[in-house]
Amino acid sequence: LLSVCLKRGEISNFQYLMHLNTLAGRSYNDLMQYPVFPWILADYDSEELDLTNPKTFRNLAKPMGAQTEDRLAQYKKRYKDWEDPNGETPAYHYGTHYSSAMIVASYLVRMEPFTQIFLRLQGGHFDLADRMFHSVREAWYSASKHNMADVKELIPEFFYLPEFLLNSNNFDLGCKQNGTKLGDVILPPWAKGDPREFIRVHREALECDFVSAHLHEWIDLIFGYKQQGPAAVEAVNVFHHLFYEGQVDIYNINDPLKETATIGFINNFGQIPKQV
């Protein structure tokens, strides 16, 4: 029914993604299972966005780890060469997740109550400035190209909430090694320095014809049949087995240390949504 409504134009892509997240057990009430939204753009350098040019967009048919050939080859090699002497951990491409409590809190760190949540997760202090979310462009390049430990996707706020991009509370977020003091999030040129314009254009991009034609490919990866099994292997979309629901029976772990470590791992690194 949802798919029919989407094809008829009766609901927006944003509404459709929110419905899917809800069906998959994702909720604003749980940072560990927060709604997950896709990176949709690959252009964070142009003065104006061309929403008719396919090169403007991220490849929605591939997970974040497969956006560049170099990184894709490294993840494939990791999976192919994987060996676990204990035989407890199956092969995987990604040992980090695209959505976790820390990822959500890091995106929203400039707003309360997320500032306090971030500080609690970080042991009472902000992270090193160079690791903080401070530039949309740099966040994209980290997750799509440069950082093997970063395959994060977005959260819904990127499409409706300009306030999270501003350091309105004047938190001291530190200075990067190059001397840049962190404040408001640095926006791409096409946002004209205005968080409201960023949200407007980003939401327009989410609802454009190109994304509407390809969004189902990303949904297959996150919520659908490419989430696990042979289809996930073929799509280079296999995560550490503890990220998947039902992969471990916590109540039957006899070693208290192992039980604590497993629960901590799941809490810190995120969970794959329920398959829809």
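Note that the coordinates shown come from a computational prediction; the quantities given were computed from them, not determined experimentally. (Residues numbered from 1 in each chain as written. Predicted model: local features only at pLDDT ≥ 70, side-chain atom pairs only at ≥ 80, totals over all residues. Heavy atoms only, no water.)

**Quick look at the layout of surface pockets**
Link 1 in the chain: Space inside the largest pocket adds up to approximately 690 Å³.
Link 2 in the chain: Elements with a contribution of two residues or more to the lining of the largest pocket: helix H4 (101-107), helix H6 (136-146) and helix H10 (256-269).
Link 3 in the chain: The residue makeup of the lining of the largest pocket, split by class, is nine nonpolar, ten polar and six charged. (1 Å grid on protein atoms, 1.4 Å probe; cavity = no way out; pocket = protein on both sides within 12 Å on 5 of 7 lines; lining within 4 Å. Points joined across faces, edges and corners; volume = space filled by probe spheres on them. Helix = DSSP H or I, 4+ residues; strand = E, 2+ residues; numbered from the N terminus. Nonpolar A, V, L, I, M, F, W, Y, C, P; charged D, E, K, R; others polar.)

**Comments concerning the pattern of salt bridges**
Where charged atoms of side chains with opposite charge meet at close range, the side chains can pair.
Link 1 in the chain: Counted according to the given criterion, the structure contains 14 salt bridges.
Link 2 in the chain: Note that Glu48 is salt-bridged to Lys192, the shortest N-O span being 2.9 Å. Residue Glu48 is found in the loop between helix H2 (13-23) and helix H3 (69-80), and its partner Lys192 is found in the loop between H6 and helix H7 (195-206); the two are separated by 144 residues along the sequence.
Link 3 in the chain: We classify Glu48 as exposed; its relative accessible area is 56%.
Link 4 in the chain: Since its relative accessible area comes to 44%, Lys192 is described here as partly exposed.
Link 5 in the chain: With a closest N to O distance of 3.6 Å, Glu207 and Arg203 form a salt bridge. (Salt bridge = Lys/Arg side-chain N within 4 Å of Asp/Glu carboxyl O. Buried < 20%, exposed > 50% of the residue type's maximum accessible area, 1.4 Å probe, protein only.)

**A look at the nonpolar core**
Link 1 in the chain: The biggest cluster of nonpolar side chains holds 81 residues, and the ones touching the most others in it are Trp39, Tyr107, Phe133, Phe158 and Phe198.
Link 2 in the chain: Mapped by element, the contributors of at least two residues to this core are H2, H3, H4, helix H5 (114-121), H6, H7 and helix H8 (209-222).
Link 3 in the chain: Top element by residues in this core is H8. It accounts for six residues.
Link 4 in the chain: Excluding residues within four positions of it along the chain, Phe158 makes contact with Tyr107, Phe133, Phe164, Phe198, Ile199 and His202. (Core = buried A, V, L, I, M, F, W, Y, C linked by side-chain atoms within 4.5 Å. Contact = heavy atoms within 4.5 Å.)

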